[in-house]
Structure formats: structure tokens, C-alpha cells
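Topology and contacts: notes
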Amino acid sequence: MLKFAVKRILVSIPTLLAIISLVFFLVHITPGNPFDGERALSPEALKSLMAQYRLDLPIWQQYLLYLDDLIHGSFGISMKYLGQPINSLLFPDNMGGFWVTLRLSIYTMLIAVPFGIILGAYAGLHKNSWFDKLVVSSNIFFTAVPTMVTGPLFVLILAVTLQLFPAGGWGDGDFAHLFLPVLVLVLAYSPTIAFVTRGSIIDVLNSNYIRTARAKGLPTKKILFKHAIKPAILPVISLLGPMFAGILVGAVVTEQIFTLPGLGVLTTNAATNRDYNMIMAITILGSILTIVFNIIVDLLYMLLDPKIKQ
Amino acid sequence: MFVKAKNLNLDTPKTKGFWLSVFSRLARNKLAMTSGCIIVVLTLLCIVVPMFSSVAYDKTDWGQIMQSPSAAHWFGTDSLGRDLFVRCFIGGRITFEIAFAAAFVVLLVGIFYGAIAGYVGGKLDTIMMRIVDVLYGIPFLFFCILLITLFGNSMALSFVAIAAISWLDMSRIVRGQTLSIKHKEFVEAAMISGVSNFKIITRHVIPNLLGIVIVYAALTVPNMIVMSAVLSFFGLGVTEPMTSWGLLISDGAQNMQAWWLLLSPATLMVITLLSFAFLANGLRDALDPR
Amino acid sequence: MTAKKIPLLDVRNLTVEFKVQDGLVRAVNGLSFKVYDGDIIGIVGESGSGKSQSMLAIMGLLAGNGKISGSVKFMGQELVGISTAKLNKIRGDKMAMIFQDPMTSLNPYLKISSQMTEVLMLHKNMSYKDALAESIKMLDRVKIPDAKNRVHLYPHEFSGGMRQRVMIAMSLLTKPKLLIADEPTTALDVTVQAQILELLRDLRKEFGMTIIFITHDMGVVANLCDRVNVMYGGWLMETAAIQIIFKNPIHPYTQALLATIPSLDHDVDKLKTIPGEPPNLLQLPAGCPFQERCSQVSAACTQNIPLRRVENRHVVKCANSNGVAL
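What counts and what doesn't
Residues numbered from 1 in each chain as written. Chains lettered and ligands numbered in written order. Predicted model: local features only at pLDDT ≥ 70, side-chain atom pairs only at ≥ 80, totals over all residues. Helix = DSSP H or I, 4+ residues; strand = E, 2+ residues; numbered from the N terminus. Buried ≥ 20, exposed ≤ 12 C-beta atoms within 10 Å, placed from the backbone. Contact = placed C-beta atoms within 7 Å. Rg over C-alpha atoms; globule rule 2.2 N^0.38 Å. Pairing = 2+ DSSP bridges. Axes fitted to C-alpha atoms, helices over the stretch in contact; angles between N-to-C directions. Expected span 1.5 Å × (residues − 1). Left-handed = near helix turned anticlockwise from the far one by under 90°. Nonpolar A, V, L, I, M, F, W, Y, C, P; charged D, E, K, R; others polar. Parallel < 35°, antiparallel > 145°, perpendicular 65-115°, else oblique. Core = buried A, V, L, I, M, F, W, Y, C linked by C-beta atoms within 7 Å. pLDDT = per-residue confidence, 0-100.

1. As for the overall build of chain A
Looking only at helices and strands, chain A features 13 helices and zero strands. Out of the 310 residues belonging to chain A, those deemed buried represent 38%. Across chain A, contacts joining residues at least 24 apart in sequence account for 72% of those joining residues at least 6 apart.

2. Observations concerning the overall build of chain C
Broken down by element type, chain C carries eleven helices and 13 strands. For 326 residues, the compact-globule estimate of 2.2 N^0.38 gives 20 Å, and the C-alpha radius of gyration of chain C, at 21 Å, lies within 12% of that figure. By principal-axis analysis of the C-alpha atoms, chain C measures approximately 65 × 55 × 50 Å. Expressed as a percentage of the 326 residues in chain C, the buried residues total 44%. Of the contacts made within chain C by residues no fewer than 6 positions apart, 62% connect residues no fewer than 24 positions apart.

3. So, the sheet that holds strand E7 (residues 178-182) of chain C
Strand pairing within a sheet occurs via backbone hydrogen bonds; the two strands may be parallel or antiparallel. All names here are of chain C. Ordered by their spatial adjacency, nine strands build an open sheet running E6-E7-E8-E3-E9-E10-E12-E11-E13, and the pairing between neighbours is mixed. Only two strands of the sheet have a single neighbouring strand rather than two, namely strand E6 (95-98) and strand E13 (324-325). Sitting on the sheet, helix H11 (residues 252-259) touches strand E9 (227-232) and strand E10 (235-241), and the angle it makes with E9 is about 105°.

4. Here's the deal with helix H5 (residues 128-141) of chain C
Residue and element names in this part refer to chain C. Here H5 contains 14 residues, and its C-alpha end-to-end distance of 20 Å stays within 8% of the 20 Å for a straight helix at 1.5 Å per residue. The inward-facing, buried residues of H5 abut helix H4 (112-123), helix H6 (147-150) and helix H7 (160-172). Count one or two residues on from H5 and you reach Lys-143, which has phi positive near 65°.

5. A word on the arrangement of the chains
The interface with the most contacts, out of two pairs of chains in contact, is the one formed by chains A and B. One finds no contact linking chain B with chain C; the least C-alpha distance across the pair is 11 Å.

6. Some points on the packing of helix H9 (residues 208-215) of chain A against helix H10 (residues 220-258) of chain A
The description of two helices packed together rests on the angle between their axes and the distance between the axes. Residue and element names in this part refer to chain A. Direction vectors running N to C along H9 and H10 enclose 145°, while the axes themselves pass 11 Å from each other. When you trace H9 past H10, the crossing you get is right-handed. Contacts between H9 and H10 pair Tyr-209, Ile-210, Ala-213 and Arg-214 from the former with Ile-223, His-227 and Ala-228 from the latter. Considering only residue class, the contact of H9 with H10 consists of five nonpolar, one polar and one charged.

7. Observations regarding the interface of chain A and chain B
Counting from both sides, the interface comprises 40 residues of chain A and, opposite them, 35 residues of chain B. Within the residue set of the side of chain A that touches chain B, elements represented by two or more residues are helix H1 (2-29), helix H6 (130-144), helix H7 (147-161), H10, helix H11 (263-273) and helix H12 (276-304) of chain A. Residues belonging to the side of chain A that touches chain B are distributed by class as follows: 29 nonpolar, ten polar and one charged.

8. What to know about the interface of chain A and chain C
The interface is formed by 16 residues belonging to chain A together with 23 residues belonging to chain C. Where the side of chain A that touches chain C is concerned, the elements lending two or more residues are H9, H10 and helix H13 (306-309) of chain A. With six residues, the single largest contributor to the side of chain A that touches chain C is H9 of chain A. Of the residues belonging to the side of chain A that touches chain C, the class tally is six nonpolar, five polar and five charged.

9. Thoughts on the pairing of E6 of chain C
Regular strands place their side chains on alternate faces of the sheet. Residues and elements named next belong to chain C. Of the two faces of E6, the one carrying Met-95 and Met-97 and the one carrying Ala-96 and Ile-98 are both buried. Pairing of E6 with E7, which is carried by four bridges, proceeds in the parallel orientation. Paired with Met-97 across the two strands is Ile-180, which belongs to E7.

10. Side note on the packing of helix H5 (residues 98-125) of chain A against H6 of chain A
Residue and element names in this part refer to chain A. Contact geometry of H5 with H6 gives a least axis separation of 8 Å together with a crossing angle of 130°. Here H5 lies oblique to H6, going by the angle between them. For the pair H5 and H6, the crossing hand works out as left-handed. Where H5 approaches H6, its residues Leu-119, Gly-120, Tyr-122 and Ala-123 are matched on the opposing element by Phe-131, Asp-132 and Val-135. The residue inventory of the contact of H5 with H6, partitioned by class, reads five nonpolar, one polar and one charged.

11. Overview of the sheet that holds strand E2 (residues 23-35) of chain C
Residues and elements named next belong to chain C. Strand order in this open sheet of four strands is E2-E1-E4-E5, and the pairing throughout is antiparallel. Bordering the open sheet on either side are E2 and strand E5 (77-78), each of which pairs with just one other strand. Two strands pair when backbone bridges link them, and strand E4 (residues 66-74) and E5 are joined in this way by two bridges, in the antiparallel orientation. Bridge assignment links Lys-73 to a residue of E5, and that residue is Glu-78.

12. Focus: helix H2 (residues 30-52) of chain B
In a regular helix each residue adds 1.5 Å, so 23 residues correspond to 33 Å; H2 of chain B covers 32 Å between its end C-alpha atoms and thus fits that length. For H2 of chain B, the set of buried residues is Ala-32, Ser-35, Cys-46 and Pro-50 of chain B.

13. What to know about the nonpolar core
One finds Cys-144, Ile-145 and Ile-249 of chain B together with Ile-212 of chain C to be the most contacted residues of the largest nonpolar core, which totals 253 residues. With 18 residues, helix H3 (residues 84-120) of chain B is the largest single contributor of residues to this core. If we skip the residues at most four places from it in the chain, Cys-144 of chain B touches Ala-161, Ile-162, Ile-165 and Leu-231 of chain B.

14. Notes on the confidence of the model for chain A
The predicted model of chain A averages 86 in pLDDT, with 96% of residues at 70 or higher. Per-element confidence in chain A ranges from a low mean pLDDT of 74 for H13 of chain A to a high of 95 for H9 of chain A.

15. Some thoughts on the pairing of strand E11 (residues 308-311) of chain C
Residue and element names in this part refer to chain C. With three bridges joining them, E11 and strand E12 (residues 314-316) adopt antiparallel strand pairing. Bridge pairing in E12 links Arg-309 to Val-315. Counting the residues in the hairpin turn of E11 and E12 gives two residues, including Arg-313, whose phi is positive at 55°. When E11 meets E13, the two strands line up antiparallel, connected through two bridges. Each bridged residue has a counterpart across the sheet, and for Arg-309 the counterpart in E13 is Val-324.

16. Observations concerning the environment of Tyr-301 of chain A
Residues and elements named next belong to chain A. Note on placement: Tyr-301 falls in helix H12. Owing to 17 C-beta atoms within 10 Å, Tyr-301 belongs among the partly exposed residues under this scheme. Sequence separation between Tyr-301 and Leu-234 is 67 residues; the distance between their C-alpha atoms is 6.5 Å. Dropping the residues within four chain positions of it, Tyr-301 is found in contact with Leu-234, Ile-237 and Ser-238.

17. Focus on the confidence of the model for chain C
Low-confidence regions, as indicated by low pLDDT, have predicted coordinates that should not be scrutinised in detail. On average, chain C scores 90 in pLDDT, and the residues at 70 or more come to 99%. Across the predicted assembly, pTM comes out at 0.83 and ipTM at 0.90.

18. So, unusual backbone geometry
Residues and elements named next belong to chain A. Unlike most non-glycine residues, Arg-54 shows phi in positive territory, near 65°. Relative to the assigned elements, Arg-54 resides in the loop between helix H2 (43-52) and helix H3 (59-71). Here Arg-54 falls in the partly exposed class, since 14 other C-beta atoms lie within 10 Å of it. With a phi angle near 70°, Asn-128 is a residue other than glycine that sits in the positive phi range. With respect to the helices, strands and loops of the structure, Asn-128 is situated in the loop between H5 and H6. Residue classification places Asn-128 among the exposed positions, given that 10 C-beta atoms sit within 10 Å.

19. Some remarks on the environment of Phe-4 of chain A
Residue and element names in this part refer to chain A. Mapping Phe-4 onto the fold places it in helix H1. By C-beta crowding, Phe-4 is classed as partly exposed, having 14 other C-beta atoms within 10 Å. With 112 residues separating them along the chain, Phe-4 and Gly-116 place their C-alpha atoms 30 Å apart.

Structure below.
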């Protein structure tokens, strides 16, 4: 089994490399350089800037040097804030930047997953009850309606009108400032988790092996918690892998709505200022996270499914 | 005794009767039909309202800034005194244009890519799907932002960026469906009897793809709407004075005291998205009743 | 006067209905028969005859939209309407059922040891260690090689025939009085099928349980059973001892069924079939469900037809038969 895990991790490395290369070459093959039209630069100033950012080197050399940077854990230097390493902007000590986005994403997962599973399980066990219908329709609703609509609506109702929570800002990452953003995100993703859990429980309970369990006279609780739980959970787990990339993006969007100092702000600034290095760094960082999370989910799935364990 | 290949009439299960029954099932689904009508009505409004409005969408009126809804301005006005009613529908027009155009491209690329990968199979399939896997690893927002940063901000580019990310899902689904069709007995029979690949694709593969493609088309359009709205939220894509629902919602979010600025475009967008969702559900039920 | 034995299973007027979108499906209609200790009864019928649904109903395993009416007494205890808790004390213990597809009928996520020991731990209050020892003994008995180690494997690590043996072993752990087998050999190769039938015969000799064997294959019935119930369209058409059914079938359906069995003795140009199609259970005709395909149909067939005893333990439900109405 360890062999399979190692194999799984190794397989992702070419994918990651391909992504890094794609992003790098896309950025560096586009005509124009990041210092155009900023302010009038003397030719010497421009030349020295280009040299400082290695832009005067042949592209292959730049590529290899970039990979070398990445292996040493550095994303290079910002093109807007000259001289400032990107790592210090992405991962500042004061828990801003990337840590904000990561915190939002993790809190969302930690709440949405158990919440969604429990609701979905109850709905599946009481099919066609009013609760079940509620779960199904809220799935349709929250899947169709994006966070950029629910977010401002919640701010309007809970923050501006009822004044229960601050309308935005991070404060010092305290509960009051976290509540609304996390609420919006949890509402965006737990319905899907609940819906898949529900469908999965219904399928499992209709299966032949559950029929056998009943035929053996096993009490309902035993059937649910010994026979049904694993096959019911597996589809939900495989859902979580791709969902994490969605939560990451959702977190970034939510940061915009609530003006949180996370990756979202860094991204828009970088886009406006044409800070290529920063955009590359964020894209690659997002991809790394997605791939890592997918690996974790795959390994978890593998642990639970005996057919694959071999 | 063998019959010549071109005289064989290998009717696929998708006969005319099949499509008739699909349509009648759909017609009986009141929710789906209502949603379809809503979409048509909204589209018409988006075309007609800006055309016939007495007020232009970009006409500023400093004497009328931030007015709540009234007889003169049904949806109120914004911070530049522009009429929100007209802006909502011109925004809708832009949103629909981007969404339908992108969806069309996504469908085209996705179907061709997926069908070829699925039908040809082998090494080509493996390579094509590896490419999809790689692109899948990049969170869409970051990639769109990357593209827009590089190539400049414009409406056309935002549509290209959105389409460039979204064809992946469609191609995966089409490939899967193609694979399962390819292994059905009637296709294998056609292959053995020497029917040309082109005929097989057009007579057997494509009609069987239509079902799933229709459902996913109905799901793709709202995705495009959301993505273009999200981009607008980040200030990318459509720029002032032109507007889209995303921009309007973004503005509304920043001016919460003027609640009408948020409510109108948000409601329009929600209605549109829900209608597409119900329509897609209805299409799926009509094509595969179980 | 000999005292009448109490039947092990006494089914009276069992009716099973399902509410579906398009109406009401009556899968089993007024089924009545008795099973005595020591019988091996085969229930024969086409798909949709109600043979499986009647047994599932007895075990309380119907789908959610199913409704049972009538009476089923097992060892004198009424099962229809019984609480799930009470039913759970009977099924898996004194009454066991094995199913058609062993691959999907065993939980792929649990080891065999877990699935087997839980039966003994539940019904006989055994410890895990004792239950495991007993399970291994039973696996040996059904000829699973290296049972001591194989017991800790997952179902997908067994072949089809072996999985069915495991299911049989699992069902016999509690030494049930009644074993219901729902087409256990249909999904298996013919050679494996023969082995399983032989296994069941042996086990019955050793443990003495009564068997109800559901199948669509008359050949299997001839091989294993000593009585046959013939079902069609939810009705019990005829029931008799096996020799009597083959020698003197009375119901037209039974006759037609027997006629379709190809003979190894002489060649035929065409295989015999029963013309027509199985009945639409949503739109059953009034009276006998076999009317439209019956060569001896008459006006009386559209009425309600009672069961008639033709001779001792030979009962027929046909408008054209003689005999004493029950």
C-alpha cells in the first residue's frame, strides 16, 4: 500500500512540472515586458531592471533558474514592489496574505464536511420527508447561486441592516470577523456534500448486501454504522478532492466581498500592476495546493476501499 | 450470406420516436417549461429594453444620483445618476452574450476534443487526457487572471479566458460517453461489417452524444455567467461605462446603503441561474427517466 | 385418526402490492401453501411470477413501497405485521435466506470473518473467538480450502462459486429450521451449479433444515426438490410432489412449462416455447393471469378461481380442473 502511495505522489510531479512550465512560458512568451508604460525609464534604468529580473537572459536559462528558485522554496521577487521577495508578501509574519485564505478554506472544510454529511445522511434516511426535500432544494439553490451573490446579500441583511456582524475587514482574525465569510462559504459548499451523501446513503441502503444484513436479523443501528457507513462515505470523499480547488477560489472571491487581506487582494493588485512574478507565484501556489489536496483525498479513499488496498 | 455494408440499416436506438418521447416528457415538466420561458423572456428583455429605453445606459445625471426606485427610475439610479433599470438589462445583454458565446465555444471544443479522444483511444487518448489533467490542476480564477493580466483587460479576452478553462469538463464527459457508446454492440457490429468511421461517428456516436451534451449545455451557460460575474468582481473583463451583472452586483456590494443597487441585478441573476438549473434538471429527467 | 402435523410455514392468502408512479403492482396474489418440516420445496416461475417477492415478503425484506396482507405463520408465530425487533430475532436465526448474486450480496467492505461472526455473536451470544472458530468449521464444511486463513479475506478475493458457498455457510451458522434460497445457482456456471446443489443436499442430510428453493429451471427442481410450487403472474398455479408434477401435471401452465424442457433423448427441429409474453403486473386481467397464453382458456377463467385439491397434497388453481375446493 505504501508503494501505491509513493507511486501516486510521484505521478503528480510531472503534472505539477507541466503546470509550472505552462504558466512560466505563457508569461514569458507574451510580448512586452512588465516595465512598459510604468513611468518614463531611462534606457540604463530599464537595462538594469531587466538584468535584475534576469529578463536579459535566454529564456531557457530563466526557466531553469526559476525552477531552481522554486526548489529552494522561493517564488522570486515582486515586479511591483521592487526588491521585495514574493514570499514575504504571500506569507507575511502577521498572519495575513496566504494564511488568511488558508484559514478560511480550512475552517470551511472543517465545518462544511461534517455538517453536510450529517444533514445528507439524515435526509437520505428519511427520504421524501420535508427535511429531505429541503436538503435537495437547497442544493439546487446554493449550487446555482454563487457566493458573490449570497455574500453581499448576507452582508446586507446581517451586517448593514441588523448590525449583528461587521460588514468586512479582518480585525485580528477574531470570531466576529470570521463568522460571515465562513458562513457564506459553508452555505455554498455543504449543500453539495449533503446532496451527495444523501444519494449515496439511498443507493447503499438499496444494495443487495444491506438486504443480506437485514436478512441476518441485524438491528438497524448495526446495519447503519457497521455495514452502510463505509460505502456511503466513499463517494463523498472522492467529491472533496476537486471541491477543495473550488473552496480555494470561493475563499478568494469571499475575501473580495469582505475586504479580507488574503490572496484575493494580492491577486487583484498583481493583476492591476502587472506583477507577473506575483501572478505566477499565486497560480502555482494554488495549483500545488490543489494537487496536494487531491493526493490526500486519493490516499484516504485508497485506505478505505479494500478493493484498491491490494 | 453477407449483405453489403451500405445496405445494412443499423438503426441506432435513438429513433425519431425517442426524441418525440423526450420532448413530450419535457413538456410535461411544468417547472422546466416555466424556467425555459423565463429564460426566453429575460433574453428578449435584455435585447429590447436597452433598444427602446428613453434613457441611455451610460447617461449620467448629476441631479439624480443614488435615487431609490421611483416612477421615473423603476430600479433607481446609481452613484452617477444613471438609470439602473436600463443598466440591468444592458448588463444582462452583455452577460448573456459572453455566456452564450463562451458556452458555444466550450461545446464545440469540448465535444470535438472528447469525441476524438474517446473514439480513437489508445495513445492519443492518453496524451489528450493528460493535457486535460494538467489544466485541471490550475484553479480557474487564477488562470483567468493570469491570462487577462498578460493580454490586457477586455471583454473579448475575458470570454476567451473563461472558455479556455471550461471546455475541460465537457471534454471529459464527452469522452466518457463516447467510450461507452463505442463499446455497445451495435457499434461493434457496424465496425465489423466495414461501415466507415465517418458514418459510424455521424450515424451512431453523435446522436447518442446529443442527450448528454444538451444537458451539459444547459449547465454550462449558467457557469459562464457566474465566471464572468466573478471576473467582473475582480475588476476584470467588462469595463465602465459598459456594464454586466457582475459589475452591477460588485457596485451594489460596495454601496450597501443603497440597497436597490444590489437587489435588482442580484435578483435577475439568481432568477436566471435557477431557471437554467431547473431546465437542466428537467432535460436530464426527460432524457433518462428512472 | 392421525394428528395433523403443524406446518413449519403456513402461508394463507398472501398478497404483496407495490405502489408505483403508474398505479398498483400486485406481485403476489392470494398465495396459500404449507411447508412441513423436512420438505425441500422448489418454487418455479418466470420473471414476474412473484416467486421471489413472496419469499422476500415473508422475510420482511420488501422494498419501501411494498404492502403485505394475509397471513404467514412460521412455527406457529404470525409474521405479517410483526415488529421489526421481533422479526430480527427470527430471521438470521431460525429462518435464513441466501440470494442470487453472491458478489453483490456480500458486503465488499467487510471481511468474511466479520460478516460471519456477527450472526453468531448476535443470535447465539457467542464471543468473537468462539464465533470465529465456528465460522471456520462451517467454511470447512462447505469445502472452502484453507478456511482458517481465507476467513479473513474480503468477498472480492473469492471466486463466484466459492462466494456462494460462503453465503451458504453464513446462513447455516445458526442451524436454521428453514433455509430460503433465491435462485442461488442462476448466476453460476453449470458445473459450479451442480456442485452447489450437491452441497445443499449433503448439508440437508447433516443439518436437517427445510429448504425452499426458488428457481426458473425445472431441471434444478427435478434434481433437488421433493415438492414443487408452480407460480405465474403472482398466483400459485399448482403444487404437488415432484414425481406427480412430472407424471401428471394438471395446470395448463405446468404442462406448457414441462413441454419446453428439451430432451437429451431425441432430436427436435424447433424448441418448444410458450406463445405470448409475461403479464403486465400493472394491468392484470380479471381472473387467471395465464388466460391470454392458455390453450385451454374458457369463460370461467375470468372469474375468481379457488384452489382445488385434486389428490393428497396436490393442489391446483385452474378453472378447468376437478377436485375439492379448499
